[in-house]
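Observations on the three-dimensional arrangement
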Amino acid sequence: MLYTLARSLMFKLDAETSHNLALGGMNLLSGVGLEQLIGSKPMHLPVEVMGLRFPNPVGLAAGLDKNASAVDGLAAMGFGFIEVGTVTPKPQSGNPKPRLFRLEDRQAIINRMGFNNDGVDQLLKNLENCRYDGILGINIGKNKDTPNAQANDDYLYCMRKVYSRASYITINISSPNTPGLRTLQFGESLNSLLDCMKTEQSKLSKVHGRYVPIALKIAPDMGPEEFELVAASLKAYEMDAVIATNTTLSRDGVEGCQWAEEAGGLSGAPVRNRSTAAIMALSKHLKGSVPIIGVGGITEGFDAAEKIQAGASLVQIYTGFIYQGPGLIRDSVKAIAEIR
């Protein structure tokens, strides 16, 4: 009930303002020991993926806490793991405002944030003050002004910076809001990126004395042949996981809604089937060789279980969490437990 009240108040504000206030509020409650008012401890449904032991398979997707400024507050919600970012080598302001739009009657969001973040050094400073000791993914990207020909350098820079702090690292090449970024998902560009990241991972694992898994986050807007090619690259370079999927450029399911014609990536309920289809396509080609983390359109427990049945080992939520609150985490864990 408290979350429902808080949401009704927040939704009276513009989307980005309420987003920032919500993060600050969760962290404030956690800081004074009152996080139990809106959250709970993670439900126990352990699973091992990427060589990591997760207390439950329901995590927070990247994008909600780009700068790792509210990790303790988010951790109090009951997530089995948390992914922060996307973070870039240099700070960048992102795209002009307004850039975040709620489509409330469809439980959806359109965003064109553009990797707005304070840079990787600030993210690491923020993490120094965190009490959270659970599984933490750090999602990395390239700066907008870095040409694609030098994109590998940005990803390597961020990887080296966050390696010692991350439980796993996610390579984000699938946001639709950085011009040209999605072209890195295909062909020689993808193979070159995966090759250099896996080579660097091997070096860093020796330097730091531990192996930090790498996941690749992909877009849902691919055809069957493209999913097959991506799966082949994932297997060839022995990637540790794939996250399926990011937001979509499609407007299926939101036709005629206010804001539907705004540029950006669509997330939430309308993406559910597209994301699940991507998981099924990848699962068909990967055959268990690379674990899949399913994300996109989870607004109730059934949706989370559906992604597991489609081939995912873990799931992440974001837009559904904004609309439903911490109860969605519990419902998702329970639904997954029922199909195990």
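For the structure given in this document, a descriptive report is provided here. (Residues numbered from 1 in each chain as written. Predicted model: local features only at pLDDT ≥ 70, side-chain atom pairs only at ≥ 80, totals over all residues. Heavy atoms only, no water.)

What to know about the pattern of salt bridges
Under the criterion given, the structure shown has 13 salt bridges. A salt bridge links Asp145 to Lys90; its shortest N-O distance comes to 3.5 Å. Residue Asp145 is found in the loop between strand E7 (136-140) and helix H5 (151-162), and its partner Lys90 is found in the loop between strand E4 (81-87) and strand E5 (100-103); the two are separated by 55 residues along the sequence. Among the residues examined, Asp145 registers a relative accessible area of 56% and is labelled exposed. Note that Arg272 and Glu306 form a salt bridge whose closest N and O atoms lie 3.1 Å from each other. In this pair, Arg272 is assigned in helix H8 (residues 272-286) and Glu306 in helix H9 (residues 301-310), connecting sequence segments 34 residues apart. Taking the relative accessible area as the measure of exposure, Glu306 reaches 17% and is therefore buried. (Salt bridge = Lys/Arg side-chain N within 4 Å of Asp/Glu carboxyl O. Helix = DSSP H or I, 4+ residues; strand = E, 2+ residues; numbered from the N terminus. Buried < 20%, exposed > 50% of the residue type's maximum accessible area, 1.4 Å probe, protein only.)

Remarks on the sheet that holds strand E6 (residues 108-111)
Taken in spatial order, the three strands of this open sheet run E5-E6-E11, and their pairing is antiparallel. The open sheet terminates on both sides in strands that have one partner only, identified here as E5 and strand E11 (265-268). Put simply, the sheet's adjacent strands are angled 20 degrees from each other on average, direction ignored. Here E6 pairs with E11 via four bridges, running antiparallel. Residue pairing across strands places Asn111 opposite Gly265, the latter belonging to E11. (Pairing = 2+ DSSP bridges. Axes fitted to C-alpha atoms, helices over the stretch in contact; angles between N-to-C directions.)

Comments concerning the packing of H5 against helix H6 (residues 187-208)
Axis separation between H5 and H6 bottoms out at 10 Å; the angle between their running directions is 25 degrees. By the angle class used here, H5 and H6 are roughly parallel. Seen from above, H5 lies across H6 with right-handed handedness. Between H5 and H6, the contacting residues are Asn152, Tyr155, Leu156, Met159 and Arg160 on the first element and Ser192, Leu193, Cys196, Met197, Glu200, Gln201 and Leu204 on the second. (Parallel < 35°, antiparallel > 145°, perpendicular 65-115°, else oblique. Left-handed = near helix turned anticlockwise from the far one by under 90°. Contact = heavy atoms within 4.5 Å.)

Purely geometric stuff here, so don't read any function into it on its own.
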